[in-house]
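One letter stands for each residue in the lines below.
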Amino acid sequence: MSKVAVVTGASAGVGRAVVREYARNGYDVGLIARGTEGLEAARREVEALGRRAVAVPTDVADADAVDRAAERIETELGEIAVWTNVAFSNVFAEFTELTPAEYQRITDVTYLGYVWGTMSALKRMLPRNRGVVVQIGSALAYRSIPLQAAYCGAKSAIRGFTDSIRCELHHRKSKVRITMVQLPAVNTPQFTWCRSKLPRKAQPVPPIYQPEVIARGVLYAAEHERRELWIGWSAVEAIIGQKLIPGLLDRYLGATGYDSQQYDGSNPGGPGNLDTPLPGDFGAHGAFDARARTWSSQLWVTTHRGWVAAALVATAALGISAAARR
């Protein structure tokens, strides 16, 4: 299989970190996003790592534009082996403060953008009977929180349609694979560029992880047979908690979910990037480097299950041996 990866939302945040991780591991990368300055910076980073890159400015809410971008990437780089959907939009506000236009736009980008990307990927992968689609999800695909109703709804929708596609691939006995990576809170620029109607500055709900942690998990999901990959103990707790105590979590998040998504300082305001990209290159990191974790023990455990199992077996054997000697 060729080593060409496509990343939507490639100009910044998690998408930018994923682009770098693919390039470091031998992939040529097709870059899709709206912001041209961030796209060009990402392209230069890929080339500095010795790989080829094609940057295609694209609004993922436009299905035809996404398909044209895929066509250009395959023409210039070759067969797409991995398609990674990352691009999203968001507005931090109570549901009753969102306008219909805002809700529509968030849904068009964050949900339908994944749908159009997946369609373009499968259009090329299914006839070849090979390839991987990676959906960047969130613990919020399972456990919604206040102040992000449209985003949580979109992430839940992504999980639903991905499960349906997975069933269809099994029915076809296809070797094409689709997987979803469920994220914890991440230190990305979205909290700077997303529109916010909150009284204070928006922040990810701690604990916060650096985007490079996520990128390592995404690469693993692209190259290993995993239905889903959860990253961070906080994501595991949220997903399992929703299965066990959803009503209690409704009340808990109603009481704590407002303060946990805001921090000191008044909201600077501004239009955000919902309708048009903001100028500049934002890179991968947001404003929370001092609080963000660079490693996840949970991710290490889940990606080294063989080693963990072997260690447990060895420990049990030593325990039995010691008991027998006693």
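Report follows, based on the coordinates. (Residues numbered from 1 in each chain as written. Predicted model: local features only at pLDDT ≥ 70, side-chain atom pairs only at ≥ 80, totals over all residues. Heavy atoms only, no water.)

Read from one edge of the open sheet, 7 strands run E3-E2-E1-E4-E6-E7-E12, paired in parallel fashion. Strands at the two margins of the open sheet, each flanked by one partner only, are strand E3 (53-57) and strand E12 (228-230). When the angles between neighbouring strand axes are averaged without regard to direction, this sheet yields 15°. Summarising the sheet, strand E6 (residues 132-136) and strand E7 (residues 177-182) pair through 5 bridges and their orientation is parallel. (Pairing = 2+ DSSP bridges. Helix = DSSP H or I, 4+ residues; strand = E, 2+ residues; numbered from the N terminus. Axes fitted to C-alpha atoms, helices over the stretch in contact; angles between N-to-C directions.)

What follows is about the state of the cysteines. Applying the stated rule across the entire model yields 0 disulfides. The thiol sulfur of Cys152 is not disulfide-bonded, and the nearest other cysteine sulfur, from Cys194, lies at 13 Å. Owing to a relative accessible area of 7%, Cys194 belongs among the buried residues under this scheme. (Disulfide = S-S within 2.5 Å. Buried < 20%, exposed > 50% of the residue type's maximum accessible area, 1.4 Å probe, protein only.)

Here we have 3 strands laid out as an open sheet, ordered E8-E11-E14, and parallel in their pairing. Looking along the sheet, the strands with just one partner apiece sit at the ends: strand E8 (185-186) and strand E14 (292-293). Looking at chain direction, E8 and strand E11 (residues 208-209) are connected through 2 bridges and run parallel. The partner of Val186 across the bridge, within E11, is Tyr209.

The next thing to look at is the packing of helix H4 (residues 100-110) against helix H6 (residues 149-172). The contact between H4 and H6 brings their axes to 9 Å, and the two run at 30°. When the axes of H4 and H6 are compared, the pair comes out roughly parallel. Handedness of the crossing formed by H4 with H6: right-handed. Seen from H4, the contacting residues are Tyr103, Ile106 and Thr110; seen from H6, they are Ala149, Ala150, Tyr151, Ala154, Lys155 and Ile158. Residues belonging to the contact of H4 with H6 are distributed by class as follows: 7 nonpolar, 1 polar and 1 charged. (Parallel < 35°, antiparallel > 145°, perpendicular 65-115°, else oblique. Left-handed = near helix turned anticlockwise from the far one by under 90°. Contact = heavy atoms within 4.5 Å. Nonpolar A, V, L, I, M, F, W, Y, C, P; charged D, E, K, R; others polar.)

Time to look at the packing of aromatic side chains. Given two aromatic rings, one states the distance between the centres and the angle between the planes to describe the pair. All told, the structure shown has 9 aromatic pairs when counted by the stated rule. Relative to Phe161, the ring of Tyr111 has its centre 5.9 Å away and its plane inclined at 75°; by these criteria the two rings are edge-to-face. Here Phe161 lies in helix H6 and Tyr111 lies in the loop between H4 and helix H5 (112-128), a separation of 50 residues in the sequence. Using a relative accessible area of 23% as the deciding quantity, one classes Tyr111 as partly exposed. Residue Phe161 is classed as buried on the basis of its relative accessible area, which comes to 14%. Measuring from centroid to centroid gives 5.3 Å for Trp193 and Phe282, while their planes differ by 90°, and the two rings are edge-to-face. With Trp193 in helix H7 (residues 190-193) and Phe282 in the loop between strand E13 (262-266) and E14, this residue pair connects regions lying 89 residues apart in the sequence. The exposure class of Phe282 is partly exposed, given its relative accessible area of 29%. (Phe/Tyr/Trp six-rings, centres within 6.5 Å; stacked < 30°, edge-to-face > 60°.)

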